[in-house]
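Residue strings, one per chain:
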Amino acid sequence: NAAGYTGLHIGLIYDRYGPKPLFLGSTALSLAFFTTWALVQYFDKISAPATYLSVLYFLQGHAMMLGDIAVLSTLVRLFPKNKGRAVGIAKSFGGLSGSLLNQFYYLTDSVSY
């Protein structure tokens, strides 16, 4: 995911305008996640073209990068004496929520009747 690891331009936007445009952009680009899900869920038999999926994955990477940079930069600014602890807690809970969500999905979706 090259888009998620090349965020120099996003850092410049944060320095100039603050976190609000990054949160708004992340929210708007998050629609790419739902579009990809719909393509895979409902149009899998048609098999969506690779170009569409590539563009959607690129937008997803930017959505994650925008949200990540906005949250981490804001935490570093809010907690200057405990930067490491604040970022560590945020990242840890992000990973924990992902693992709990997977377990919930497995619990609810894998039941066969």
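Before going into details, it helps to say that this report is about the structure given with it. (Residues numbered from 1 in each chain as written. Predicted model: local features only at pLDDT ≥ 70, side-chain atom pairs only at ≥ 80, totals over all residues. Heavy atoms only, no water.)

**A look at the pattern of salt bridges**
- Going through the model one piece at a time under the given rule, you end up with one salt bridge.
- Where Lys91 meets Asp68, a salt bridge forms, and the shortest distance between an N and an O atom there is 2.8 Å. Taken together, the residues span a long stretch of sequence, with Lys91 in helix α5 (residues 83-109) and Asp68 in helix α4 (residues 50-78) at a distance of 23 residues.
- Classification of Lys91 by relative accessible area gives partly exposed; the value is 43%.
- You can call Asp68 partly exposed: its relative accessible area is 30%. (Salt bridge = Lys/Arg side-chain N within 4 Å of Asp/Glu carboxyl O. Helix = DSSP H or I, 4+ residues; strand = E, 2+ residues; numbered from the N terminus. Buried < 20%, exposed > 50% of the residue type's maximum accessible area, 1.4 Å probe, protein only.)

**Regarding the side chain of His62**
- Among the structural elements, His62 can be located in helix α4.
- Taking relative accessible area as the criterion, His62 reaches 13% and is therefore assigned buried.

**Side note on the packing of helix α1 (residues 8-17) against α4**
- Remark: α1 packs on α4, axes separated minimally by 10 Å, with the N-to-C direction vectors making an angle of 45°. Classed by the angle they form, the pair α1 and α4 counts as oblique. Crossing geometry of α1 relative to α4 is assigned as right-handed. Of α4, the residues touching α1 (which contributes His9, Ile10 and Tyr14) are His62, Met65, Leu66, Ile69, Ala70, Ser73, Thr74 and Arg77.
- When its residues are assigned to classes, the contact of α1 with α4 shows six nonpolar, four polar and one charged. (Axes fitted to C-alpha atoms, helices over the stretch in contact; angles between N-to-C directions. Parallel < 35°, antiparallel > 145°, perpendicular 65-115°, else oblique. Left-handed = near helix turned anticlockwise from the far one by under 90°. Contact = heavy atoms within 4.5 Å. Nonpolar A, V, L, I, M, F, W, Y, C, P; charged D, E, K, R; others polar.)

**Let's talk about the nonpolar core**
- Counting six residues, the largest nonpolar core consists of Ile10, Tyr14, Leu22, Met65, Leu66 and Ala70.
- Looking at which element gives the most residues to this core, the answer is α4, with three residues. (Core = buried A, V, L, I, M, F, W, Y, C linked by side-chain atoms within 4.5 Å.)

**Focus: a nonpolar patch on the surface**
- A surface patch of nonpolar side chains, about 420 Å² in accessible area, is lined by Leu31, Phe33, Phe34 and Met64.
- With three residues, helix α3 (residues 31-42) is the largest single contributor of residues to the nonpolar patch.
- Tracing the sequence through the fold places Phe33 in helix α3.
- Overall, the relative accessible area of 34% leaves Phe33 in the partly exposed class. (Patch = residues over 30% accessible without salt bridge, like charges linked within 9 Å, V, L, I, M, F, W, Y side chains within 5 Å. Areas by Shrake-Rupley, 256 points an atom, 1.4 Å probe, with all protein chains shown as cover.)

**Structural notes on the environment of Leu22**
- Within the secondary structure, Leu22 sits in helix α2 (residues 20-29).
- A residue is classified by how much of its surface remains accessible, and Leu22, at 1% relative accessible area, is buried.
- Residues Leu22 and Gly67, 45 residues apart in the sequence, show an inter-C-alpha distance of 6.4 Å.
- Ignoring anything within four residues of it in the chain, the contact list for Leu22 reads Ile10, Ile13, Tyr14, Leu66, Ile69 and Ala70.

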